[in-house]
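Examination of the molecular architecture
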Amino acid sequence: MGTALNWTYFDIVARYKRMRGFNVFFPQGWDCHGLPTEVQVEKRYEIRKGDLPPEKFRELCIKLTEENITHMREEMNSLGFSIDWSTEYRTMDPDYYRRTQLSFVQLYKRGLIYRGEHPVNWCPRCETAIADAEVEYADREATLSHIKFKRHGEDEYLTIATTRPEYLPACVVVAVYPGDERYEKQVGKKVEVPPFGQVVELIEDHEVDPEFGTGVVMVCTFGDKTDVRWVKRHKLPVVKLIDEKGNMSEAAGKYAGLTLEECKRAIVDDLRKAGLLLKQEKLAQSVGACWRCKTPVEILTKPQWFMRVLDLKDKVIEGAKQVRWVPEHMRQRLIDWAESMDWDWVISRQRIFATPIPAWYCTSCREPIVAEERQLPVTPAKDKPPVERCPKCNSESFEPEQDVLDTWMDSSITIAVHAGWPELDRRLFPADLQPNGTDIIRTWDYYLLVRHLALLGEAPYRTVLINGMVFGEDGRKMSKSLGNYVDTTMARGKYGTDAIRQWAVIGASTGSDIPFSWKDVDFGYRFMRKFWNAARFAGPHLNAKIAKLDPKKLKFRPIDRWILSRLNRLIGQTTGWLEDFQFNHAMGAIQTFVWHELCDMYIEEVKHRLYGDDLTADAARYALYHVMLTAAKLLAPFTPHFSEEIYQTYFGKDHPYPSVHMSSWPEVNKKLIDESAERAGELANLIVGTLRQFKSERKMALSRELPSVVIYTSSRETAKQLKEVGDDIAGTMRVGKLNIKVGKPKLAERVLAVEPEMAKLGPRLRADVRLIVQALREAKPEDLAKQLAKGKLKLRAGGKRFELAPEDVRVIKETASAGRKVEVIDIQKPALTLLITGPRSGLVRRRTKSARRARRRLAS
Ligand SMILES: [Zn+2]
Ligand SMILES: [Zn+2]
């Protein structure tokens, strides 16, 4: 569903811009390489990456990727995404990774890529370096151990609290906050680190938190990123304590070969036996883990390839500021990320399914030899280096680079590759739109920016359009294990693609997280059914001859001018919202217009004219034709299949374009925006709606005639407007005689009965309610009504006194005007009074039992 959301955004923009006359380049690429595929292959075949020769492992990855692409391509076609499939590429194909390698070679030549030995984040399960952006932080409960360090040459001890005692063998110094009074006298002196007793110095550093533990920290290589900064700042030695699998190295002495976890337990045991463990306590801690397999990340130093992103920090921030972000506040996420970076980007990975790093090493002096541009693509394991002798030591022996590139090295040049790089088609660069989810701002958006700035000196996109994440109906992140998972195939089968697209649009404002909701999908489906039924009714009345009539010669009624005015306002609003990527507002406005104004009102209000053959009938047909066709066009970017079906079934035959998606986007006709027609139309809708409700409450057929309706208003202006739409109201609601009068009606009222509100009185009075019913029945209704008018009703029944408020009872009245029985409806805004004379049977049937009883009593 996340992909459906993301792609619906792109597709709406592409379809809308095409209708606006743009030649839209909507490419498709598959980012194939990377850990997720390798992890999936390891799971499916129950193997680890080292169990097979790299080529065999790679083949399994390619097979899985092909399967995934086939499935996703089918899904994308079913969801109606209007991609230009002729542009399709896959990053695992030599033609693509040739370009990834070319970008590596060019940046290496410019000194922006280098080989170095620096600490990196390391996943011991995946056995690879990973970038900062791939480390995810999660809260865990850790154990804080208070450990005694012997002061060197004395019989005193210093206590240090740590969550990672397994790192004790790699402790190279201990540190306190500068000027901490507790330790001032010991700074510069030495302590013995248990369990091996290596002697290290106590130093001062401003990054020590004096509030944490005892205020003394041990600096190890490397427990975390602060250790890395301390080692650099104080030029400390590095002990390589763990290996690539996360096991203890020789440097751990008798603990060598244990896992980190086993080593921790063994060291704590030994400390306890030696009486050096003072106490242990629980501590909530935020731990960095591998984004893919959730294993806690360790810090390791190994020679790696890096891209010099820290040097580009200012350019990246400047670039992010110049680009338009939708929504605006997402820009800050990228800026914050760029500002927080303190390490260069490690671009080498110790994995298999990825672009090979185009390099070799001299076996005698380790000098790296990078490929020439003309050689690319290369596979160093198979191909020869570009030189025969090492330029440094003249050796003739080389070995291939085994490492591969971070998959973001592939996907961070996609925009240039789409534009044909290295032969750049300037029409396609920079891209107008880069759409992606909030989750990859600090990866994709950042890497795209930094890499294009490095390669081409400019930002690769003009606008970044961000979509939120999809949550399950229970408000939790959608996942198979939580059982709140829905995939597009399930939803499509039940409601069709266009209902899913409507959910994606109206479920949340652009950039916000969005809950998946069957209710929203169902609403989208019902909306289309409503429009379809309306088109099926109106379709037979509409044809090309009608569309081509000269509107100047037609007799439009105010109700026609109302719908045409509303339509033109809708065109203007929808266009504005689409330009601003506010899809939910645009879709909401179209839905409201089609459902309530077009289907519920206008079509009902012109039904009685559609069968005629005069100029007002032609005017109704003409307006209906244009309103329905325009609505179908406005919907085309959102519901492409549905719009096409409406268009081809009812309008396509009359048009030069075979598809709604080839027709042009509707333009506002300002001459048709008519405020006075809108007011008249709204009045007509108000009266029609009121009369419709009147009939339905009385279970009358809508087609049944109301002999007479009189509308009173105190405003001459309103009366004038009502008179203009009088025929439409009368025609729509089958009113025999419709009168509009200025002033107030003279009414005679008679109270027929005062009935108890059982829902109120029942729970309050319980058995006594029987007495009240009896008392109300026996009293004179007029007397009861008079008392009620004063605010209270006092009753005596069964020897008890009761007091009722106006809301405890219902007063049934009969109203007469000029001697005839009428029903009165008061409307507040604008102030109108309707006097309705119903067909006799219609009114009699609605009498309640007690009103009938009351009338019989009055008669007797
Ligand atoms: Zn991992
Ligand atoms: Zn050499």
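All of the points below concern the structure found in this document. (Residues numbered from 1 in each chain as written. Chains lettered and ligands numbered in written order. Predicted model: local features only at pLDDT ≥ 70, side-chain atom pairs only at ≥ 80, totals over all residues. Heavy atoms only, no water.)

**Concerning the coordination of the zinc ion (ligand 2)**
Cys362 (SG), Cys365 (SG), Cys390 (SG) and Cys393 (SG) make up the full set of protein donors to the zinc ion (ligand 2), lying at 2.2 to 2.3 Å. If you look at the zinc ion (ligand 2), its four donor atoms make angles of 99 to 116 degrees with each other, and the shape they trace is tetrahedral. Within one chain, the residues serving as donors to the zinc ion (ligand 2) are arranged as C-x2-C-x24-C-x2-C. Remark: Cys390 occurs in the loop between strand E17 (368-370) and strand E18 (398-400) and Cys362 occurs in strand E16 (residues 359-362); sequence separation between them is 28 residues. Across this residue pair, the class does not change: Cys362 and Cys390 are buried. (Donors = N, O, S within 2.8 Å, 3.2 Å for Na, K, Ca; no water. Tetrahedral: all angles 85-135°; square planar, octahedral: opposite > 155°, others 65-115°. Helix = DSSP H or I, 4+ residues; strand = E, 2+ residues; numbered from the N terminus. Buried < 20%, exposed > 50% of the residue type's maximum accessible area, 1.4 Å probe, protein only.)

**Brief notes about the side chain of Thr833**
On the secondary structure map, Thr833 appears in strand E31 (residues 832-837). Separated by 3.0 Å, the side chains of Thr833 and Asp826 make a polar contact. Setting aside its immediate chain neighbours within four residues, Thr833 contacts Val710, Ile711, Tyr712, Pro745, Val824, Ile825 and Asp826. (Polar contact = N/O pair within 3.5 Å; in protein donor to acceptor, adjacent residues only side chain to side chain. Contact = heavy atoms within 4.5 Å.)

**Regarding the coordination of the zinc ion (ligand 1)**
Angles at a metal have ideal values that depend on geometry: 109.5 degrees with four tetrahedral donors, 90 or 180 degrees with six octahedral donors. For the zinc ion (ligand 1), the full set of protein donor atoms is Cys123 (SG), Cys126 (SG), Cys290 (SG) and Cys293 (SG), and the range of their distances to it is 2.2 to 2.3 Å. Considering all four donor atoms around the zinc ion (ligand 1), the spread of angles at the metal, 101 to 121 degrees, places the coordination shape in the tetrahedral class. Spacing between the donor residues of the zinc ion (ligand 1) along the chain follows C-x2-C-x163-C-x2-C. Taken together, the positions of Cys123 in strand E3 (residues 113-123) and Cys290 in strand E11 (residues 277-290) put the pair 167 residues apart, joining distant regions of the chain. Taking the relative accessible area as the measure of exposure, Cys123 reaches 0% and is therefore buried.

**So, the nonpolar core**
By size, the foremost hydrophobic cluster in this structure holds 120 residues, and its most contacted members are Phe583, Leu598, Tyr602, Met628 and Leu691. For this core, the element with the most residues is helix H17 (residues 583-610), which contributes 15 residues. The contacts of Phe583, once residues within four sequence positions are left out, are Tyr9, Ile12, Val13, Leu465, Val505, Thr510, Leu578 and Phe638. Leu112, Ala338, Trp360 and Leu448 belong to the second largest nonpolar core, which has 63 residues in total. (Core = buried A, V, L, I, M, F, W, Y, C linked by side-chain atoms within 4.5 Å.)

**A short note on the packing of aromatic side chains**
This model, assessed by the stated rule, comprises 26 aromatic pairs. Here the aromatic cluster, defined as three or more aromatic residues joined through ring pairs, consists of Tyr495, Trp503, Phe516, Trp518 and Tyr525. Geometry around Trp343 places Lys225 over its ring, the cationic atom sitting 4.4 Å from the centre. Sitting above the plane of the Phe537 ring, Lys607 keeps its charged end 5.1 Å from the centroid. (Phe/Tyr/Trp six-rings, centres within 6.5 Å; stacked < 30°, edge-to-face > 60°. Lys NZ or Arg CZ within 6 Å of the ring centre and 35° of its normal.)

**Observations regarding the sheet that holds E3**
As summarised here, the arrangement of the four strands in space is E4-E3-E12-E14, forming an open sheet in which the pairing is antiparallel. Taken across any chain shown, the strands that pair with only one partner, and hence form the sheet edges, are strand E4 (128-130) and strand E14 (345-346). Bridge analysis of strand E12 (residues 298-307) against E14 gives two bridges, and the strand direction is antiparallel. Each bridged residue has a counterpart across the sheet, and for Met307 the counterpart in E14 is Trp345. (Pairing = 2+ DSSP bridges.)

**Structural notes on the environment of Gly731**
Position of Gly731 relative to the elements: it lies in helix H21 (residues 716-733). Look at Gly731 and you get partly exposed, because its relative accessible area is 24%. Taking the C-alpha atoms as reference, Gly731 lies 16 Å from Phe694; in sequence the two are 37 residues apart.

**Quick word on a negative patch on the surface**
On the surface, Asp314, Glu318, Asp336 and Glu339 cluster together into a patch of negative charge. For the negative patch, the secondary structure elements donating two or more residues are helix H7 (313-322) and helix H8 (330-340). (Patch = residues over 30% accessible without salt bridge, like charges linked within 9 Å, V, L, I, M, F, W, Y side chains within 5 Å. Areas by Shrake-Rupley, 256 points an atom, 1.4 Å probe, with all protein chains shown as cover. Salt bridge = Lys/Arg side-chain N within 4 Å of Asp/Glu carboxyl O. Lys, Arg positive; Asp, Glu negative; His and termini not counted. Charge placed at Lys NZ, Arg CZ, Asp CG, Glu CD.)

**Description of empty space enclosed by the protein**
Empty space among the atoms becomes visible once a probe the size of a water molecule is rolled across them. Evaluated as defined, the whole model comprises three cavities of 30 Å³ or more. Here the largest cavity defines a volume of roughly 110 Å³. Class assignment for the residues of the lining of the largest cavity results in seven nonpolar, two polar and five charged. Counted as a void, the second largest cavity has a volume near 80 Å³. For the second largest cavity, the lining is made up of 14 residues, of which Ala131, Asp132, Asp344, Trp345 and Val346 are closest to its centre. (1 Å grid on protein atoms, 1.4 Å probe; cavity = no way out; pocket = protein on both sides within 12 Å on 5 of 7 lines; lining within 4 Å. Points joined across faces, edges and corners; volume = space filled by probe spheres on them. Nonpolar A, V, L, I, M, F, W, Y, C, P; charged D, E, K, R; others polar.)

**Things to note about the state of the cysteines**
Summed over all chains, the structure comprises zero disulfides. Looking at Cys263, it has no disulfide partner, and the nearest cysteine sulfur is the one in Cys220, 11 Å off. With relative accessibility at 0%, the residue Cys263 sits in the buried group. (Disulfide = S-S within 2.5 Å.)

**Some details on the pattern of salt bridges**
Side-chain pairing between opposite charges can occur once the charged atoms of the two side chains come close. Evaluation of the coordinates by the stated rule reveals 65 salt bridges. Between Arg48 and Glu127 there is a salt bridge, with the nearest N and O atoms lying 3.8 Å from each other. With a gap of 79 residues between them, Arg48 in the loop between helix H2 (35-45) and helix H3 (54-78) and Glu127 in the loop between E3 and E4 connect regions that are remote in the sequence. Given the relative accessible area of 37%, Arg48 is considered partly exposed. A relative accessible area of 16% means that Glu127 is categorised as buried. For Arg476, the salt bridge identified is with Asp474, shortest N-O distance 3.3 Å. Owing to a relative accessible area of 42%, Arg476 belongs among the partly exposed residues under this scheme. By relative accessible area, which is 40% here, Asp474 ends up partly exposed. Here the residues in one salt-bridge network are Asp132, Asp205, Glu207, Lys225, Arg229, Arg233 and Asp342, joined through shared partners.

Keep in mind these values describe shape, not function.
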